[in-house]
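# Coordinate analysis (summary)
Next come the chains, spelled out residue by residue.
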Number of protein chains: 2
Amino acid sequence: MTAAQDPQAALRAAHDAYEEFAQRGLDLDITRGKPAPEQLDLSAELLTAVTGDDVHSPSGVDARNYGGAEGLRELRELFAPLLGVPADQLLAQGNSSLTLMRDALTFALLFGTPAGGAPWVEGRRAMLCPVPGYDRHFGLAEALGFELISIPMDDEGPDLEAVRQAVADPAVKAMWTVPLYSNPTGVSMSERRARDLLALETAAPDFTILWDNAYGLHHLREPHAQPLDALGLAAEAGRPDRVWEFASTSKITFAGSGVAFFASSPANVDWFLEHTAAGSIGPDKLNQLRHLRFFGDPEAVRAHMERQAALIEPKFAAVERALADGLSEGSAASWTRPHGGYFITLRVAPGTADRVVKLASEAGVKLTPAGATHPYGLDPEDAYIRIAPTMPSLDDVRAAAEGLVACVRLAELEAAAAS
Amino acid sequence: MTAAQDPQAALRAAHDAYEEFAQRGLDLDITRGKPAPEQLDLSAELLTAVTGDDVHSPSGVDARNYGGAEGLRELRELFAPLLGVPADQLLAQGNSSLTLMRDALTFALLFGTPAGGAPWVEGRRAMLCPVPGYDRHFGLAEALGFELISIPMDDEGPDLEAVRQAVADPAVKAMWTVPLYSNPTGVSMSERRARDLLALETAAPDFTILWDNAYGLHHLREPHAQPLDALGLAAEAGRPDRVWEFASTSKITFAGSGVAFFASSPANVDWFLEHTAAGSIGPDKLNQLRHLRFFGDPEAVRAHMERQAALIEPKFAAVERALADGLSEGSAASWTRPHGGYFITLRVAPGTADRVVKLASEAGVKLTPAGATHPYGLDPEDAYIRIAPTMPSLDDVRAAAEGLVACVRLAELEAAAAS
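Residues numbered from 1 in each chain as written. Chains lettered and ligands numbered in written order. Predicted model: local features only at pLDDT ≥ 70, side-chain atom pairs only at ≥ 80, totals over all residues. Heavy atoms only, no water.

## Quick notes on the relation of the copies chain A and chain B
- Between chain A and chain B, which share one sequence, the superposing operator has a rotation angle of 180° and an axial displacement of 0.0 Å; the RMSD is 0.1 Å. On this basis, the relationship between the two copies can be described by a two-fold rotation axis. Among all residues of chain A, the minimum C-alpha distance to the rotation axis is found for Thr 48 of chain A, at 2.9 Å.
- Comparing interface residues between copies, 100% of those in chain A also sit at the interface in chain B, which points to an isologous, same-surface contact. (Least-squares fit on C-alpha atoms with pLDDT ≥ 70 in both. Contact = heavy atoms within 4.5 Å.)

This is how it looks when you write it as structure tokens:
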């Protein structure tokens, strides 16, 4: 009998392979979607794009002083075509789009939204969470007192029927979505799905989609995902206030020191600005001016993202190759081959994801905790693992993926032996 | 009869003086406490203090990437002695202390505070507002649903007896204060007053003082105000959680691109960090690293503030001279001669402040609206005018102050004639 035919021999072989991996004494971390130092180096010249000799924006604003709540006009004009929104409806703000999401949700909680309805804090409130999804989205909503409702993803985006049923409850106030290269599935929403979601009849008049366009420019391979005109589609559907769109340069220039953007209907932009201005005398315009000068025009941003892709894509390819080499035969595991974004989703045999993460950790490879892709950190199937290949070196990513394969095989055979 | 004896002649003379001023065709703005370009130039080298060649903090943190919610350790250590707080209890955050005040108040509204009690949003809530005070403080509290209660200022700070009476109401949750060189009075709180405020028995267990140390390093003249160890005094009084302290480098380096600080008890710092981290993957550490390198040590900050004072003090002196020359005799007006901070408070004949601001505006000098120094923009005496001399050039400040004198005299004589 070969190992493939003899379950005991197969388990022993898997165990040996795992031990061999563990003995390499690795110390790797593929938990978070952080850019690698080489990616950050691409923006080195941004750091000195503003010197004491010229601190004014093209229209003459002294970028050092207070003011300008909307952000520098010229930077909004530069990013508007990239994000597919009108510059008048685009705000350039601080260093974190997650903070803008927090702010917008907080404003809705305390003041309600222009779409009508009471302040959200006054009643039960629920957030639709496409799964697998982004743990920080879910954690923020939970921290703000939202019930989290899982919505399955299909290959066009969040499952329309599941959303339709959920929004019959007037407590369902909002929904997360990452329209392009979703975190972590890599799925990009189809225009059809976007139209349907934006037109949907909802019990809450102020139902809002948090449209986190985090990866709108983050292509890895052809064919690129098609951008979606969320604001235009919402307006066409007669629901202009349904979308809050977010984006940032965190994964374009510097992860901690980028510029974050908010785009929405004119009414929502006024609402956001009014509440922001009560607690701010303007964003960091010097950093905005650095970004403006470093890029100059939208084409330079696209070219920059091609340089990013040239650094990242080989890491994705290395992971995919390791998974294909190790798991194509005799394993229930499957995985995504994304055309953009920051993640690969690995689906292992149900009931084994947590064990895989534990095995990997013990062998020196940190993975995002199993369940992180689901509301409350609970994946009912215990099957999804998010792989973030960008931060470590190519060699390290390859080693981590090969080790991960050994963990997946061992956990799967352990589970089979125990059943 | 001389003009001084003949009211009609005096009014005519005042009117002529005002017309003469109006005909100069000035276009000046002394409304806001903005640094002048020369002040911002003092920090020019900060802009290039971090280049692509060295992006790491002294302890090896890559300042470009995500993470580090507390802010760069070394910058916290540099500012801790300047602010008189332990570095462990000091957070370095984004570009605006006003935003940190908004965040802390929002966290209290939604989650309550470590001092106990329900989320503040659940009931009536009131904020004590020392008057004359800072319009953005009052506006933020009003926007967040607080009732605003005026507390008179005396020459040691907010009137203790008025505060004592107000905090007997459990809805009184918080109080603004600018301990050093208060906006706009320039009054610095005595240590005795600080002790008393921090020890006060209050009906609300979670009564909190927002200690806006905006001008703690902003001395203009000897003797300098004595710094107050608010956190230490609160702990001594057995009420360690009573104080949220805020500060920033907005008026040290760049008004729009400084670093803001939050300091409080260990419990409050944990609470602030926990809620901040739900909506942020860390502050802009590159800007923090720039500040760290530009200054290097606390003494350099003090020396920098002496250079600031050398630019600002002559503007204060020019205003004071113009007021003394024009209003020392025959006018009810009085004004402050602050030893630090950003403002002069001019107290005109009751009932005339609004008229003075209007006259000045018509003659080309913009002043902060009368009433801005009081809750809801309503000064019951219509007597207080805030003068912000920093932003215009010395010549312009002098011209504006001379014109202001003409407005004060005319308004006063008009009022006398009408009564």
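Structure's up, so let's keep going.
## Notes on the packing of helix 11 (residues 298–327) of chain A against helix 13 (residues 394–418) of chain A
Residue and element names in this part refer to chain A.
- Interaxial distance between helix 11 and helix 13 falls to 9 Å at its minimum, and their mutual angle equals 25°. Taken together, the axes of helix 11 and helix 13 are roughly parallel relative to one another. When the axes of helix 11 and helix 13 are compared, the crossing they make is right-handed. Judged by residue contacts, Pro 314, Lys 315, Ala 318, Val 319, Ala 322, Leu 323, Gly 326 and Leu 327 of helix 11 engage Leu 394, Val 397, Arg 398, Ala 401, Glu 402, Val 405, Val 408 and Arg 409 from helix 13.
- Residue composition of the contact of helix 11 with helix 13, grouped by class: eleven nonpolar, one polar and four charged. (Axes fitted to C-alpha atoms, helices over the stretch in contact; angles between N-to-C directions. Helix = DSSP H or I, 4+ residues; strand = E, 2+ residues; numbered from the N terminus. Parallel < 35°, antiparallel > 145°, perpendicular 65-115°, else oblique. Left-handed = near helix turned anticlockwise from the far one by under 90°. Nonpolar A, V, L, I, M, F, W, Y, C, P; charged D, E, K, R; others polar.)

## Re the interface of chain A and chain B
- On the side of chain B, 55 residues touch chain A, which itself brings 55 residues to the contact.
- For the pairing of chain A and chain B, the buried interface totals around 4200 Å² over both sides, and the portion due to carbon and sulfur atoms is 56%.
- Taken as a group, Leu 47, Arg 64 and Tyr 66 of chain A account for 18% of the area that chain A buries against chain B, more than any other trio of residues on that side.
- In this structure, Arg 102 of chain B and Asp 103 of chain A form a salt bridge, with 3.5 Å as the shortest nitrogen-oxygen distance.
- Inspection of the region where chain A meets chain B yields 18 residue pairs in polar contact (both at pLDDT 80 or more).
- The set of elements that each furnish at least two residues to the side of chain A that touches chain B consists of helix 2 (37–41), helix 4 (97–111), helix 5 (135–143), helix 9 (266–277) and helix 10 (285–295) of chain A.
- Sort the elements by how many residues they give to the side of chain A that touches chain B and helix 4 of chain A lands first, with nine residues.
- Grouping the constituent residues of the side of chain A that touches chain B by class yields 26 nonpolar, 18 polar and eleven charged. (Buried area = accessible area lost by both parts, 1.4 Å probe. Salt bridge = Lys/Arg side-chain N within 4 Å of Asp/Glu carboxyl O. Polar contact = N/O pair within 3.5 Å; in protein donor to acceptor, adjacent residues only side chain to side chain.)

## Re the nonpolar core
- Among the nonpolar cores identified, the biggest contains 209 residues, and Phe 79 and Leu 346 of chain A together with Phe 79 and Leu 346 of chain B are the most heavily contacted of them.
- Core analysis: the next-biggest nonpolar cluster, separate from the first, contains 70 residues, Leu 105 and Leu 140 of chain A together with Ala 104 and Phe 246 of chain B among them. (Core = buried A, V, L, I, M, F, W, Y, C linked by side-chain atoms within 4.5 Å. Buried < 20%, exposed > 50% of the residue type's maximum accessible area, 1.4 Å probe, protein only.)

## Remarks on the side chain of Ser 97 of chain A
- Here Ser 97 of chain A is to be found in helix 4.
- Here Ser 97 of chain A falls in the buried class, since its relative accessible area comes to 12%.

## Here's the deal with the environment of Leu 200 of chain A
Residue and element names in this part refer to chain A.
- Mapped onto the elements, Leu 200 comes out in the loop between helix 7 (191–199) and strand 7 (208–212).
- For Leu 200, a relative accessible area of 5% gives the class buried.
- Between the C-alpha atom of Leu 200 and that of Ser 150, which follows or precedes it by 50 residues, the distance is 18 Å.

## With respect to the pattern of salt bridges
- On inspection of all chains with the given rule, the structure shows 52 salt bridges over all chains.
- The salt bridge involving Asp 135 of chain A is made with Arg 32 of chain A; its shortest N-O contact spans 2.9 Å. Highlighted residues: Asp 135 of chain A in helix 5 and Arg 32 of chain A in the loop between strand 1 (28–29) and helix 2, separated in sequence by 103 residues.
- The partly exposed category is assigned to Arg 32 of chain A, whose relative accessible area is 24%.
- Here Glu 402 of chain B ties to Arg 24 of chain B by a salt bridge, and the two come within 3.9 Å at their closest N and O atoms. Residue Glu 402 of chain B is found in helix 13 (residues 394–418), and its partner Arg 24 of chain B is found in the loop between helix 1 (7–22) and strand 1 (28–29); the two are separated by 378 residues along the sequence.
- For Arg 24 of chain B, a relative accessible area of 47% corresponds to the partly exposed category.
- The network of salt bridges with shared partners includes Arg 102 and Asp 103 of chain A together with Arg 102 and Asp 103 of chain B.

## Topic: the sheet that holds strand 7 (residues 208–212) of chain B
All names here are of chain B.
- With mixed pairing, eight strands are arranged side by side in an open sheet as 2-9-8-7-6-3-4-5. Bordering the open sheet on either side are strand 2 (90–92) and strand 5 (157–158), each of which pairs with just one other strand.
- Here strand 6 (residues 172–177) runs beside strand 7; their pairing, made up of four bridges, is parallel. Across the sheet, residue Thr 177 finds its bridge partner in strand 7, namely Trp 211. (Pairing = 2+ DSSP bridges.)

## Here we look at helix 10 (residues 285–295) of chain B
- Counting buried positions along helix 10 of chain B yields nine of eleven residues, so the element is predominantly enclosed.
- The elements touched by buried residues of helix 10 of chain B are helix 10 of chain A together with helix 3 (73–83), strand 2 and helix 11 (298–327) of chain B.
- Measuring from the backbone nitrogen of Leu 286 of chain B back to the side-chain oxygen at the start of helix 10 of chain B gives 3.1 Å, which picks out Asp 284 of chain B as the cap.
- Positive phi shows up at Gly 296 of chain B, right after helix 10 of chain B, with a value of about 85°.

## Describing the packing of aromatic side chains
All names here are of chain A.
- Under the criterion given, the structure shown has 29 aromatic pairs over all chains.
- When the ring of Tyr 215 is compared with that of Tyr 342, the centres are 6.0 Å apart and the planes differ by 25°; the resulting orientation is stacked. Taken together, the positions of Tyr 215 in the loop between strand 7 and helix 8 (230–236) and Tyr 342 in the loop between strand 10 (334–335) and strand 11 (344–347) put the pair 127 residues apart, joining distant regions of the chain.
- Overall, Tyr 215 belongs to the buried group, its relative accessible area being 3%.
- On the basis of relative accessibility, which here comes to 2%, the residue Tyr 342 falls in the buried class.
- Among the aromatic residues, ring-to-ring pairing joins Phe 107, Phe 111, Trp 120, Phe 146, Trp 244, Phe 246, Phe 262, Trp 271 and Phe 272 into one connected group.
- Above the plane of the ring of Tyr 342 lies Lys 251, whose end atom (NZ or CZ) is 5.3 Å from the centre. (Phe/Tyr/Trp six-rings, centres within 6.5 Å; stacked < 30°, edge-to-face > 60°. Lys NZ or Arg CZ within 6 Å of the ring centre and 35° of its normal.)

## So, the domain arrangement of chain A
All names here are of chain A.
- Partitioning chain A into structural domains gives domain 1 (7–30 + 302–418) and domain 2 (61–296).
- Domain 1 and domain 2 are separated by 30 Å when their C-alpha centres are compared.
- Where domain 1 abuts domain 2, roughly 2500 Å² becomes buried across the two surfaces, and 61% of that area is made up of carbon and sulfur atoms.
- Three residues, Met 305, His 339 and Tyr 376, lead the burial of domain 1 against domain 2; their summed loss comes to 26% of the area buried on that side.
- Applying the counting rule to domain 1 against domain 2 returns two salt bridges.
- Between Glu 320 and Arg 221 there is a salt bridge, with the nearest N and O atoms lying 2.9 Å from each other. (Domains from an automatic or database assignment.)

## Details of the side chain of Thr 373 of chain B
Residues and elements named next belong to chain B.
- Positionally, Thr 373 belongs in the loop between strand 12 (365–366) and strand 13 (384–387).
- A polar contact is formed between the side chain of Thr 373 and the side chain of His 374, at a distance of 2.9 Å.
- Excluding anything up to four places from it in sequence, Thr 373 contacts Val 131, Pro 132, Gly 133, Phe 138, Pro 184, Tyr 384 and Arg 386.

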